[in-house]
Amino acid sequence: IGLYLIIPCIYFDAMHIDNSALRQTFALPIVIYIFRTLEASSGNAPHGATKSLGMYMTYYIFPGEIIFDPKTSLPMKATRKDITRNFTRLLRAIIANSLLFSFMSHFDYTPFGRESRHYLHPKHLGNCFFVALYFQQCLEFIDALTSVMSNTISGIKTARMMDSPVLKSESIADFWSRRWNYLIHCVLKRGVYKPIRKYKSVTFASLAVFLASGLIHEFLNYSVQVHNRMEVPTDSIYKPSHIRLGSNLAFFVWAFAVSSIERALGSFSSMGISPPRAVPFFVVMTSLPFAFWFVEPYFQGRFFWENEGAVFTIMRMD
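Not measured: the values here are computed from a predicted model. (Residues numbered from 1 in each chain as written. Predicted model: local features only at pLDDT ≥ 70, side-chain atom pairs only at ≥ 80, totals over all residues. Heavy atoms only, no water.)

Caption draft 1: Local environment of helix α2 (residues 20-41). Between its first and last C-alpha, α2 extends 31 Å over 22 residues, near the 32 Å set by a 1.5 Å rise per residue. If you look at α2, its biggest bend is around 25°, right at Phe-26, and the proline Pro-29 turns up within four residues after that. What α2 keeps buried is the set Ser-20, Ala-21, Arg-23, Gln-24, Ala-27, Ile-30, Val-31, Ile-32, Ile-34, Phe-35, Arg-36 and Glu-39. Buried-residue contacts for α2 involve α1 (2-15), α3 (53-61), α8 (182-197), α9 (202-226), α12 (291-300) and α13 (303-306). For α2, the N-terminal cap is Asn-19; the gap from its side-chain oxygen to the backbone nitrogen of Ala-21 is 2.8 Å. One or two residues past the end of α2 sits Gly-43, with phi positive at roughly 75°. (Helix = DSSP H or I, 4+ residues; strand = E, 2+ residues; numbered from the N terminus. Expected span 1.5 Å × (residues − 1). Bend = angle between axes of the 7 residues up to and from the residue. Buried < 20%, exposed > 50% of the residue type's maximum accessible area, 1.4 Å probe, protein only. Contact = heavy atoms within 4.5 Å. Polar contact = N/O pair within 3.5 Å; in protein donor to acceptor, adjacent residues only side chain to side chain.)

This is the structure we're talking about:
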């Protein structure tokens, strides 16, 4: 694990990679490998993955959550319907991302201006909402692309990683456990939650998961946004040197707090909120005011601007 933590910085220096979007693309698989190493060392790898050395190697390096048949413990095969559905998702993600990126680029990724940072100010909440939607769509694109590649190249069926968490979550647990980055949820559950749950309470194990998530995001922020970054022009308000590590960890500690409150009091969907379509709004609002704790390093690292080449984006020419 220690080797995994230094590989990105060594690689970025050797290849002279400064673009934060390219750095993020390389570093994300490292995160999966770290947690899969933890789950292997604790004996919590999926049973199907341990059937043979070849199967485990496939599972370990695979860019998705393999679905194993509960009866045979073998990877389930992707059907033609699965491939078609994922290809359709990919096309939709490309179109949605192009429209969203073009819109946000026009406003420098703060559609409601940069003036207000009051937690409950409507403009601040509006900016945080669009940035949350931005990250949702980025991960949806990655999910759809890796699913299509996995289905067509290997024929293996994978679980969906993103399922409209910002717009459809019925509870905080639903947001974090089933809809937002399901792949990371699975490796965190097997690599962190289960080993600790053997000896500690549910609350303690849950805290460890959120702390692990916060720390791994701090690792990403340092290696991607901070380490040996070239300084930007002096007239830019966003500079990598302005990044202060720790904000992502604070965000996930907050997420743990609201998750614990929900576990104690019950979810929004169980409170009879009417209309039911309003439930996702209340779910997102538990963390939306504090979302800038998470996204501030991405602004200072100029990630949004350096990611504009990922999909077709209509940009404003000054």
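Okay, back to it.
Caption draft 2: Local environment of the packing of helix α4 (residues 80-106) against helix α5 (residues 122-153). At a closest axis distance of 8 Å, the pairing of α4 and α5 adopts a crossing angle of 150°. Taken as axis vectors, α4 and α5 run roughly antiparallel relative to one another. Both α4 and α5 take part in a crossing whose hand is left-handed. Split by residue class, the contact of α4 with α5 holds 19 nonpolar, six polar and four charged. (Axes fitted to C-alpha atoms, helices over the stretch in contact; angles between N-to-C directions. Parallel < 35°, antiparallel > 145°, perpendicular 65-115°, else oblique. Left-handed = near helix turned anticlockwise from the far one by under 90°. Nonpolar A, V, L, I, M, F, W, Y, C, P; charged D, E, K, R; others polar.)

Caption draft 3: Representation of the nonpolar core. Residues Phe-35, Tyr-134, Phe-135, Trp-176, Trp-180, Phe-299 and Phe-304 are the most contacted members of the largest nonpolar core, which totals 63 residues. Element by element, the count of residues in this core is highest for α5, at 10 residues. Discounting residues that sit within four places of it in the chain, Trp-176 has contacts with His-185, Phe-210, Phe-251, Phe-252, Ala-255 and Ser-259. By size, the runner-up hydrophobic cluster in this structure holds seven residues, among which are Phe-62, Ile-66, Phe-68 and Ile-156. (Core = buried A, V, L, I, M, F, W, Y, C linked by side-chain atoms within 4.5 Å.)

Caption draft 4: Representation of α5 within the structure. Taking 1.5 Å of rise per residue, 32 residues should cover 46 Å, and α5 covers 46 Å from first to last C-alpha, within 8% of that figure. Most of α5 sits out of view: 23 of its 32 residues are buried. One or two residues past the end of α5 sits Gly-155, with phi positive at roughly 75°.

Caption draft 5: Molecular detail of the pattern of salt bridges. Taken as a whole and judged by the stated rule, the model has 13 salt bridges. Each member of the salt-bridge network shares a partner with another, and the members are Arg-89, Glu-140, Asp-143, Arg-160, Asp-163, Asp-174, Arg-178 and Arg-179. (Salt bridge = Lys/Arg side-chain N within 4 Å of Asp/Glu carboxyl O.)

Caption draft 6: Local environment of the packing of aromatic side chains. In the structure shown here, the tally under the stated rule is 45 aromatic pairs. Aromatic side chains Tyr-134 and Phe-304 sit 5.0 Å apart centroid to centroid with 70° between the ring planes, which places their arrangement in the edge-to-face category. Of this pair, Tyr-134 sits in helix α5 while Phe-304 sits in helix α13, placing them 170 residues apart in sequence. Grouping residues by exposure puts Tyr-134 and Phe-304 together as buried. Aromatic pair Phe-251 and Phe-294: ring centres 5.8 Å apart, planes at 55°, arrangement tilted. (Phe/Tyr/Trp six-rings, centres within 6.5 Å; stacked < 30°, edge-to-face > 60°.)

Function cannot be inferred from these measures alone, as they are strictly geometric.
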